[in-house]
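# Per-entry structural report
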Amino acid sequence: MVNTYAQLLVRSTGQGNPEHQMFAQYIQSGVDRMRTLIKDLLSYSRVIHAPAFDFTDTDMNSVLAIAMANLEVSIQECRAVVAAEDLPPAYGDETQLAVVFQNLISNALKYCDKSPPRISVFGRTDGAVNVYGVRDNGVGIAPQYHEQIFGLFKRLHGREVPGSGIGLAVCKRIIDLHGGTIWVESTAGAGSTFYFELPRPELV
Ligand code: ADP
């Protein structure tokens with residue numbers, strides 16, 4: 001609504017006035033950032049306050065399929081190539097675990113400077129845990145930021161890439177509540193692999 005009225009104002013008073021057009025663009029990008037922030041904060045508050053998680057035996061291939069379906073348009077727009085291996089099952093909340101894959105894959109698309117973005121999703125059993133990974137060929141992350149990026153509002157990028165620094169904090173909260181761990185392995189310029197491990201369902 002704010003965007004619409006900013007446009008109408010320019011049309012009625014500032015048609016042809018480049019300064020007014022510029023102000024309208026500022027309003028528009030401010031509103032877009034606010035919208036992203038509210039959406040992300042809502043998603044964070046959902047996992048912070050009394051999370052009513054529904055734990056069941058969960059097929060992680062189906063969980064990944066939900067995330068991929070939600071990201072279908074972005075994947076097509078970026079012409080990304082996403083490869084997925086067969087994933088071991090988990091004991092967890094299907095919807096929340098889909099949010100984890102969705103945030104990780106969405107970041108892999110956002111923080112990519114190569115064409116096409118190449119993303120692979122894989123999983124394996126390792127002792128008492130199942131480990132899942134999302135690898136990208138993007139900009140990578142210098143080692144000194146590997147922990148800090150999971151904090152709330154922590155961003156390594158400016159306004160050139162939309163975001164509010166909440167996505168990875170949400171992932172961490174969800175994985176913590178599943179009794180798991182999440183981390184990243186990466187080198188600046190050489191892509192990133194985000195891992196999370198969850199207790200094997202048969203051992204929960
Ligand atoms: P947002 O993407 O909204 O900024 P996130 O919490 O999802 O917030 O990510 C935090 C920061 O970590 C991002 O701003 C970005 O700098 C960095 N980051 C996350 N994922 C990746 C990735 N796959 N490749 C490179 N940098 C990443």
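One structure accompanies this document, and this report is about it. Here the residue numbering is sequential within each chain, running from 1 through the sequence in written order. Owing to the predicted nature of the model, reporting of local features is limited to residues with pLDDT of at least 70; listing and counting of side-chain atom pairs is limited to 80 or more, with chain, interface and lining totals taken over all residues. Side-chain metrics rest on all non-hydrogen atoms present in the structure, leaving aside hydrogens and water.

Attention now goes to the site of the ligand. Throughout, the term near means that a residue has one or more heavy atoms lying within 4 Å of the molecule or strand in question. Taken together, 20 residues lie around the ligand, and Asn107, Tyr111, Arg155, His157 and Leu168 are the ones closest in. In the environment of the ligand, an oxygen atom lies 2.6 Å from a nitrogen or oxygen atom belonging to the side chain of Tyr111. The method behind every accessible area is Shrake-Rupley, applied with a 1.4 Å probe, and residues are considered shielded solely by the protein chains displayed. Protein burial of the ligand: of its 530 Å² of free accessible surface, 98% is covered by the chains. Computed over the protein atoms alone on a 1 Å grid, cavities are sets of points where a 1.4 Å probe fits but cannot get out and pockets are open sets with protein on both sides within 12 Å along at least five of seven lines; a residue lines them when it has an atom within 4 Å of a point. Put plainly, a molecule is in a cavity or pocket when over half of its atoms are within 2 Å of the grid points there. Taking a 2 Å distance to the grid points as the criterion, the majority of the atoms of the ligand fall inside the largest pocket. Polar contact is the term for a pair of N or O atoms within 3.5 Å; when the atoms are in protein, one must be able to donate a hydrogen and the other to accept it, and sequence-neighboring residues count only if both atoms are side-chain atoms.

Put simply, DSSP marks the helices as runs of H or I at least four residues long and the strands as runs of E at least two long, and each gets a number from the N terminus on. Structurally, Asp40 is set in helix H2 (residues 18–48). Asp40 gets classed as buried once you look at its relative accessible area, which sits at 15%. Engagement of the side chain of Asp40 in a polar contact is seen with the side chain of Lys39, the distance being 3.3 Å. Apart from residues no more than four positions distant in its own chain, Asp40 is found in contact with Ser164 and Ile166. Buried, partly exposed and exposed residues are distinguished by accessible area as a fraction of the type maximum, computed with a 1.4 Å probe on protein chains only: under 20%, between the cut-offs, and over 50%, respectively. Residues count as neighbours in contact if any of their non-hydrogen atoms are within 4.5 Å of one another.

So, on to the sheet that holds strand E2 (residues 81–84). Should DSSP find at least two bridges between two strands, the strands are taken to pair. Strand order in the open sheet formed by five strands is E2-E4-E5-E7-E6, with mixed pairing between adjacent strands. Both outer strands of the open sheet, E2 and strand E6 (181–186), are each paired with one neighbouring strand and no more. Between one strand axis and the next, the sheet turns through 15° on average, direction left out of account. Bridge analysis of strand E5 (residues 129–136) against strand E7 (residues 192–199) gives seven bridges, and the strand direction is antiparallel. Within E7, the residue paired with Gly133 across the bridge is Tyr195. Axis definition: a line fit to C-alpha positions, over the contact stretch in the case of helices; interaxial angles, taken between N-to-C directions, run 0 to 180 degrees.

Right, let's get into helix H5 (residues 94–110). With 17 residues, H5 ought to run about 24 Å at 1.5 Å a step, and its terminal C-alpha atoms sit 24 Å apart, in line with that. For H5, the full list of buried residues reads Gln96, Leu97, Ala98, Val100, Phe101, Asn103, Leu104, Ile105, Asn107, Ala108 and Leu109. Structurally, the start of H5 carries an N-cap: the backbone nitrogen of Thr95 is 2.9 Å from a side-chain oxygen of Asp93. One less than the residue count of a helix, multiplied by 1.5 Å, gives the span that helix is expected to have.

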